[in-house]
Amino acid sequence: MLADEATLMHKHHLLLVAVVTLLTQLCTAQVSTQWKIHDLNRPLPPVIDPATASTPDVPGRAPSDATVLFDGKDLSKWTDKAGKPAKWKVENGYMEVVPETGYIFTRAAFGDCQLHVEFAEPVPPTGESQDRGNSGVFLMGLYEIQVLDSYQNKTYADGQAAAVYGQYPPLVNASRPPGEWQTYDIIFHGPRFTKDGKLLHPARVTVVHNGVLVQDNVLLTGPTAHGKRPPYKLHPEKLPLALQDHGDPVRFRNIWIRGLKED
Ligand code: MG
């Protein structure tokens, strides 16, 4: 190998190390150097009233610093695609997809967040594979965490319940039988772009399904889609959250969200 070839390879290697280091720093928390260890002057975190857990019959309460998106009473925080009032059914403390009325979207926009969603699959179950209890939680309206009746219902792995649709199967299938309330607790960080639309770093998501870790900080390849993996396209840091109408009367209750602050 020639001497300048070796130097060039060394430079490439250093560049690669720098990029990986930068990406790692973007994706992980750092210990602050602003405060001494156990510094009594360091500001204390805000005190909040935490969430209470749901029971099969009674939905829990959101933490005091959350934005409640659905408390079982009405769809005032939601619209249809055209911005008109959402047409899904509300009764007995839950909302239910009314097939053919379309996706519903939050009036407010959200980016990085902690999201709690509860859903129940139709009883009796009808259809098979993707046609059984299909809906979805669309983070920023673009990135779907699949909602499906995956209890004794085989489909492709990256399309079952709690999959990042078309990208990541869940680590395990933690589905409950249809009719029983299930929970998703989602930690999401949206993608970041440069001003001219180049991807700085991808979206990442962690999902806990019924108390079980099923997506462990996975990096999304771009928006989710059926049969393809489209690339990222520049979009704002906050966009409405959406729930999918896939033609099945899936029910939802106790939906709340907490925006996450930038470091
Ligand atoms: Mg879906």
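Up top is the structure.
What you see is a predicted model; the values in this text were computed from it and never measured.

(A) Broad picture of the coordination of the magnesium ion. The coordination sphere of the magnesium ion, as far as protein atoms go, consists of Asn134 (OD1), Ser135 (O), Glu144 (OE), Gln146 (OE1) and Gln244 (OE1), spread over 2.1 to 2.3 Å. Each donor residue of the magnesium ion belongs to the same chain, with the gaps between them written as N-S-x8-E-x1-Q-x97-Q. Highlighted residues: Asn134 in the loop between strand E6 (113–120) and strand E7 (135–139) and Gln244 in the loop between strand E14 (239–243) and strand E15 (251–259), separated in sequence by 110 residues.

(B) Highlighting the side chain of Arg192. Its location among the elements puts Arg192 in strand E10 (residues 192–193). Given the relative accessible area of 10%, Arg192 is considered buried. Among the polar contacts listed, one links the side chain of Arg192 to the backbone oxygen of Gly190, at a separation of 3.1 Å.

(C) How the structure looks around the packing of aromatic side chains. The tally for this structure, following the rule as stated, stands at 9 aromatic pairs. With centroids separated by 5.9 Å and ring planes inclined at 35°, the aromatic side chains of Tyr143 and Phe188 adopt a geometry described as tilted. Highlighted residues: Tyr143 in strand E8 (residues 143–147) and Phe188 in strand E9 (residues 182–189), separated in sequence by 45 residues. Of the residues examined, Phe188 reaches a relative accessible area of 1% and is grouped as buried. Seen from their ring centres, Tyr143 and Tyr232 are 6.2 Å apart, and the 45° between their planes marks the pair as tilted. Separated by 89 residues along the polypeptide, Tyr143 in strand E8 and Tyr232 in the loop between strand E13 (212–219) and E14 bring together distant segments of the chain. Neither Tyr143 nor Tyr232 differs from the other in exposure class; each is buried.

(D) Molecular detail of the environment of Leu199. When you line up the elements, Leu199 lands in strand E11 (residues 199–201). For the pair Leu199 and Tyr232, spaced 33 residues apart in the sequence, the C-alpha separation amounts to 7.2 Å. Excluding anything up to four places from it in sequence, Leu199 contacts Pro191, Arg192, Phe193 and Tyr232.

(E) Summary view of a nonpolar patch on the surface. A contiguous nonpolar surface patch, about 320 Å² in accessible area, is contributed by Leu171, Val172, Val212 and Leu213. As for its position among the elements, Leu171 is in the loop between E8 and E9.

(F) Local environment of the environment of Pro125. The topology assignment puts Pro125 in the loop between E6 and E7. A residue is classified by how much of its surface remains accessible, and Pro125, at 39% relative accessible area, is partly exposed. Put simply, Pro125 and Tyr151 are 26 residues apart on the chain and 9.7 Å apart in space, counted from C-alpha to C-alpha. Those residues in contact with Pro125 that sit more than four places away from it in its chain are Arg132, Asp149 and Pro178.

Criteria and cut-off values
- Residues numbered from 1 in each chain as written.
- Predicted model: local features only at pLDDT ≥ 70, side-chain atom pairs only at ≥ 80, totals over all residues.
- Heavy atoms only, no water.
- Donors = N, O, S within 2.8 Å, 3.2 Å for Na, K, Ca; no water.
- Helix = DSSP H or I, 4+ residues; strand = E, 2+ residues; numbered from the N terminus.
- Buried < 20%, exposed > 50% of the residue type's maximum accessible area, 1.4 Å probe, protein only.
- Polar contact = N/O pair within 3.5 Å; in protein donor to acceptor, adjacent residues only side chain to side chain.
- Phe/Tyr/Trp six-rings, centres within 6.5 Å; stacked < 30°, edge-to-face > 60°.
- Contact = heavy atoms within 4.5 Å.
- Patch = residues over 30% accessible without salt bridge, like charges linked within 9 Å, V, L, I, M, F, W, Y side chains within 5 Å.
- Areas by Shrake-Rupley, 256 points an atom, 1.4 Å probe, with all protein chains shown as cover.
- Salt bridge = Lys/Arg side-chain N within 4 Å of Asp/Glu carboxyl O.

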